[in-house]
Amino acid sequence: MSATSDLSALLRIITNGITAIESSCAKRGVHYPSLDDALTLDSVAIQESLVEEALPVIAAAYQVVATLMSPQSFQQKMLYGQTVAIGVAEAGHVAEILREAGPKGLHASEIAKHTTLDPRRLAHCLRILTTLHVFKETSPDVFTNNRVSAVLDTGKTVKEIVADPQAKYDGAPGLAALTGTNTDEFLKGAGHAVAMLTDPATSHSQEPVDSPLQRAFGKKMGLFDWYDLPENQFRLRRFGNAMRGVQWKASILGGFDWSALPQGSVVVDVGGGLGGLDLDLAKEHKHLKYIYQDRPQTVEQADKMWRDQGNQDVIDGIVKFQPHDFFGPQPVENAAVFLMRYILHDWSDPYCIKILSQLRASATPDTKLVVIDALLQNNCPSDGKWKHIRGGEAEIAPAPLLPNFGIAKSDEAYVDILLMSVTNTQERTLDEVNALFEATGWKLERVHRFPPPSIPQVVAVPA
Ligand SMILES: C[S@@+](CC[C@H](N)C(=O)[O-])C[C@H]1O[C@@H](n2cnc3c(N)ncnc32)[C@H](O)[C@@H]1O
């Protein structure tokens, strides 16, 4: 097919999608948020309700860009300029400073006064971001927030942050912390990824201690042991808070039918982090019992956080905190569900096999395993291998779009490479997850899929 006929087909996809979005908004008497609109819960809800319509448009629009831009220029956009710039903006608390400045915005020299940054360099960092629709330049070197930069806003006052920078991310939505983590330790790891992945001594390693991040910091430790080092206290705290930045992508109340579990059934959250999942579930499904497990340090942090947030009743009633190393024998032997979110992608296959084998050894014949991790989708037509499993086949985009919806469904592909840099692991395809199940006595039962950015729930039962 020629480029012009592809472009016409892409244009039709864009026109049809936008017409559908606009007519849905008109019927409901709402307007689709523009980049200049505030990032409010209502506007996010409108955007989320139209994800299905937006996906092909996003995929098509990016394909138009890829087609029309020179290959040289398009390829160079894949380099790291924006990563550095967003890291500087986050570290300089620019989103919070600009929120306080209001709609008139602030000159870079005024923004810089609250920080240790050089105003001219700061302006240049903000400019590349405005070029990518993050922040807005309203007059030379004067910047305001827009809907995208508002994602970096912790909601705290600048005074509060400057007085106690270590607490900047506590209780905040999480994407600022995630950006800080990504542009600090993760980016340092990424800087060593090519060397690690091409070094014959490490290129095939399955060991956490060989990760590019460890190479960057000159250590030989797993990520979580590394976070426990005294010099990484702030990073550990930020990482814990950053997990809230990915929680919104992992739907827990939809999909798996929690209400169908009998009264008093035990749900074990294995590696529960700060326990956000359990809290959501415990508030909604009070007929279940929850056992939350993690490393002792994290359990202590989560327990304190839950109590500080006034969830004493929930804890007293139905939730138990339990320090547990998931590589050791699983102490709960009557679990209705073993739940694991964002766990398997942190570990290479041999380690996942250890974790899953421990769970299998403690499972009853009726135990369900619910794995919540992104699933990578190949970028070619499906061979129909998973047709017999409910939810096994991912949606394929119509031509001329890329079969896996390209940029519109690419979050997992980005995290995949991030994991290679940070934990020496990867995201997995359904085939790859299934291989882990087969190696450990679990059988794939079904996949609950959701519109992006939500990631799927993969359910398995004892084989
Ligand atoms: C990426 S976080 C995911 C947390 C949580 N499941 C969530 O979705 O927010 C991974 C979690 O695994 C925990 N973890 C790491 N190694 C562990 C181990 N050996 N035993 C138990 N938990 C572990 C970490 O402390 C961390 O809380």
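Residues numbered from 1 in each chain as written. Predicted model: local features only at pLDDT ≥ 70, side-chain atom pairs only at ≥ 80, totals over all residues. Heavy atoms only, no water.

*Asks:* Please clarify how the nonpolar core should be interpreted in this entry.
*Replies:* Proteins that are soluble and globular tend to have nonpolar side chains buried together. Residues Phe338, Met340, Leu369, Phe437, Trp442 and Val458 are the most contacted members of the largest nonpolar core, which totals 42 residues. Counting residues per element, this core draws most heavily on helix 20 (residues 349-362), which supplies five residues. Viewed by domain, this core spans two of them, domain 3 (175-244) and domain 4 (249-382 + 426-462), each represented by three or more residues. The contact partners of Phe338, leaving out residues within four places of it in the chain, are Val268, Val270, Gln330, Val332, Leu359, Ser362, Ala363, Thr367, Lys368, Leu369, Val370 and Trp442. Core analysis: the second largest hydrophobic core is formed by 37 residues, Leu288, Ala336, Leu339 and Val459 among them. (Core = buried A, V, L, I, M, F, W, Y, C linked by side-chain atoms within 4.5 Å. Buried < 20%, exposed > 50% of the residue type's maximum accessible area, 1.4 Å probe, protein only. Helix = DSSP H or I, 4+ residues; strand = E, 2+ residues; numbered from the N terminus. Domains from an automatic or database assignment. Contact = heavy atoms within 4.5 Å.)

*Asks:* Is there a simple way to explain the site of the ligand in this structure?
*Replies:* Looking at the ligand, there are 18 residues lining it, with Gly271, Asp294, Asp325, Phe326 and Arg341 nearest. Measuring from an oxygen atom of the ligand, one finds a side-chain N or O atom of Arg295 at 3.0 Å. Here Arg341 contributes a side-chain N or O atom positioned 2.5 Å from an oxygen atom of the ligand. Contact with the protein chains hides 94% of the accessible area of the ligand, taken as 600 Å² for the molecule alone. Counted by class, the shell around the ligand contains seven nonpolar, six polar and five charged residues. (Near = heavy atom within 4 Å. Polar contact = N/O pair within 3.5 Å; in protein donor to acceptor, adjacent residues only side chain to side chain. Areas by Shrake-Rupley, 256 points an atom, 1.4 Å probe, with all protein chains shown as cover. Nonpolar A, V, L, I, M, F, W, Y, C, P; charged D, E, K, R; others polar.)

*Asks:* Hey, could you run me through the layout of surface pockets in this one?
*Replies:* The rolling of a water-molecule-sized probe over the atoms marks out the regions of remaining empty space. Of the voids in this model, the second largest pocket is the one considered here, and its volume is about 390 Å³. Along its surface, the second largest pocket is lined by 13 residues, and Asp170, Arg237, Gln301, Lys304 and Met305 are the ones closest to its centre. Within the residue set of the lining of the second largest pocket, elements represented by two or more residues are helix 15 (233-242) and helix 18 (296-308). Looking at the lining of the second largest pocket element by element, the count peaks at six residues for helix 18. (1 Å grid on protein atoms, 1.4 Å probe; cavity = no way out; pocket = protein on both sides within 12 Å on 5 of 7 lines; lining within 4 Å. Points joined across faces, edges and corners; volume = space filled by probe spheres on them.)

*Asks:* Is there a simple way to explain the domain arrangement of the protein in this structure?
*Replies:* For the protein, the assigned domains are domain 1 (3-70), domain 2 (85-161), domain 3 (175-244) and domain 4 (249-382 + 426-462). Averaged C-alpha coordinates put domain 1 and domain 3 at centres separated by 36 Å.

*Asks:* Help me understand helix 17 (residues 276-284) in this model?
*Replies:* Within an α-helix, residues lying three or four positions from one another point in the same direction, as the helix has 3.6 residues per turn. Taken residue by residue, helix 17 has Leu277, Asp278, Leu279, Leu281 and Ala282 as its buried positions. Residues of helix 17 that are buried in the fold lie against strand 4 (266-270), strand 5 (289-294), helix 18, helix 19 (312-318), strand 6 (319-323) and strand 7 (335-341).

*Asks:* Just to check I follow, could you spell out the packing of aromatic side chains for this structure?
*Replies:* Both the distance between ring centres and the angle between the ring planes are used here to describe each pair of aromatic rings. Within the structure shown, the criterion is met by 15 aromatic pairs. With a centroid separation of 6.0 Å and an interplanar angle of 90°, the aromatic rings of Phe326 and Trp347 are classed as edge-to-face. A residue pair is termed long-range when its members are at least 10 positions apart, and Phe326 in the loop between strand 6 and strand 7 and Trp347 in the loop between strand 7 and helix 20 qualify at 21 residues. Accessibility assignment for this pair places Phe326 and Trp347 in one class, buried. (Phe/Tyr/Trp six-rings, centres within 6.5 Å; stacked < 30°, edge-to-face > 60°.)

*Asks:* Where do I start with the sheet that holds strand 11 (residues 442-448) in this structure?
*Replies:* Within a beta sheet, neighbouring strands are joined by backbone hydrogen bonds and run either parallel or antiparallel to one another. One open sheet holds the seven strands; their spatial order is 6-5-4-7-8-12-11, and the pairing between them is mixed. Two strands in the sheet have a free side with no partner beyond their single neighbour: strand 6 and strand 11. Adjacent strand axes in the sheet meet at a mean angle of 20° when their direction is disregarded. Relative to the sheet, helix 18 contacts strand 5 and strand 6, its axis offset from that of strand 6 by approximately 155°. This element, helix 20, spans strand 4, strand 7, strand 8 (368-372), strand 11 and strand 12 (457-462) of the sheet and lies at about 170° to strand 7. (Pairing = 2+ DSSP bridges. Axes fitted to C-alpha atoms, helices over the stretch in contact; angles between N-to-C directions.)

*Asks:* Is there a simple way to explain the side chain of Asp269 in this structure?
*Replies:* Within the secondary structure, Asp269 sits in strand 4. Buried charge without a salt bridge: Asp269, with Arg341 as the nearest opposite-charge side chain at an N-O distance of 6.8 Å. Excluding its chain neighbours within four sequence positions, the residues that come into contact with Asp269 are Leu277, Asp278, Ile291, Tyr292, Gln293 and Leu339. (Lys, Arg positive; Asp, Glu negative; His and termini not counted. Salt bridge = Lys/Arg side-chain N within 4 Å of Asp/Glu carboxyl O.)

*Asks:* When you look at the packing of helix 20 against helix 22 (residues 430-440) in this model, what are you seeing that I'm missing?
*Replies:* Interhelical geometry of helix 20 versus helix 22 gives an angle of 50° and a closest axis separation of 9 Å. When the interaxial angle is binned, helix 20 and helix 22 end up oblique. Helix-helix and strand crossings are classified by hand; for helix 20 and helix 22 the assignment is right-handed. Facing helix 20, whose interface residues are Asp349, Cys352, Ile353, Leu356, Ser357 and Arg360, helix 22 presents Leu436, Phe437, Ala439 and Thr440. The class makeup of the residues in the contact of helix 20 with helix 22 is six nonpolar, two polar and two charged. (Parallel < 35°, antiparallel > 145°, perpendicular 65-115°, else oblique. Left-handed = near helix turned anticlockwise from the far one by under 90°.)

*Asks:* Is there a simple way to think about the sheet that holds strand 3 (residues 142-144) in this case?
*Replies:* Overall, antiparallel pairing links the three strands, which are arranged 1-3-2 in an open sheet. Where the open sheet ends on each side, the last strands, each with one partner, are strand 1 (106-107) and strand 2 (136-139). Pairing of strand 2 with strand 3 involves three bridges; the strand directions are antiparallel. By the bridge assignment, Lys136 is partnered in strand 3 with Thr144. Packing against the sheet, helix 8 (residues 119-131) makes contact with strand 2 and strand 3, and its axis sits at approximately 50° to strand 3.

*Asks:* Which parts of the structure should I look at to understand the pairing of strand 11?
*Replies:* Where a strand is regular, its side chains alternate between the two sheet faces. Among the seven residues of strand 11, five are classified as buried, and the element is accordingly described as predominantly covered. One ladder, built from six bridges, connects strand 11 with strand 12; its direction is antiparallel. Across the sheet, Arg446 pairs through a bridge with Val459, a residue of strand 12.

*Asks:* I tried to follow the packing of helix 10 (residues 175-183) against helix 15 on my own but got confused; where do I start?
*Replies:* In helix packing, the relevant descriptors are the interaxial angle and the interaxial distance, both defined with respect to the helix axes. Two elements in contact, helix 10 and helix 15, have axes whose closest approach is 7 Å; the angle formed by their N-to-C orientations is 130°. Taken together, the axes of helix 10 and helix 15 are oblique relative to one another. Judged by the twist between their axes, the crossing of helix 10 over helix 15 is left-handed. Residue-level inspection shows Ala177, Leu178, Gly180 and Thr181 of helix 10 in contact with helix 15, the latter providing Arg238, Phe239, Asn241 and Ala242. For the contact of helix 10 with helix 15, the class distribution of residues is four nonpolar, three polar and one charged.

*Asks:* What exactly am I supposed to notice about the pattern of salt bridges here?
*Replies:* Two side chains of opposite charge can pair, provided their charged atoms sit close to one another. Per the counting criterion, the structure on display carries 21 salt bridges. Asp308 is the salt-bridge partner of Lys304, the closest N and O atoms lying 2.7 Å from each other. Placement of the pair is Lys304 and Asp308 together in helix 18, with a separation of four residues, close to one helical turn. With relative accessibility at 56%, the residue Asp308 sits in the exposed group. The partner of Lys368 in a salt bridge is Glu445, with the nearest N and O atoms 3.0 Å apart. Taken as a pair, Lys368 in strand 8 and Glu445 in strand 11 lie far apart in primary sequence, 77 residues in all. For Glu445, a relative accessible area of 34% corresponds to the partly exposed category. Taken together, the shared-partner salt bridges connect Asp184, Glu185, Lys188, Arg235 and Arg238 into one network.

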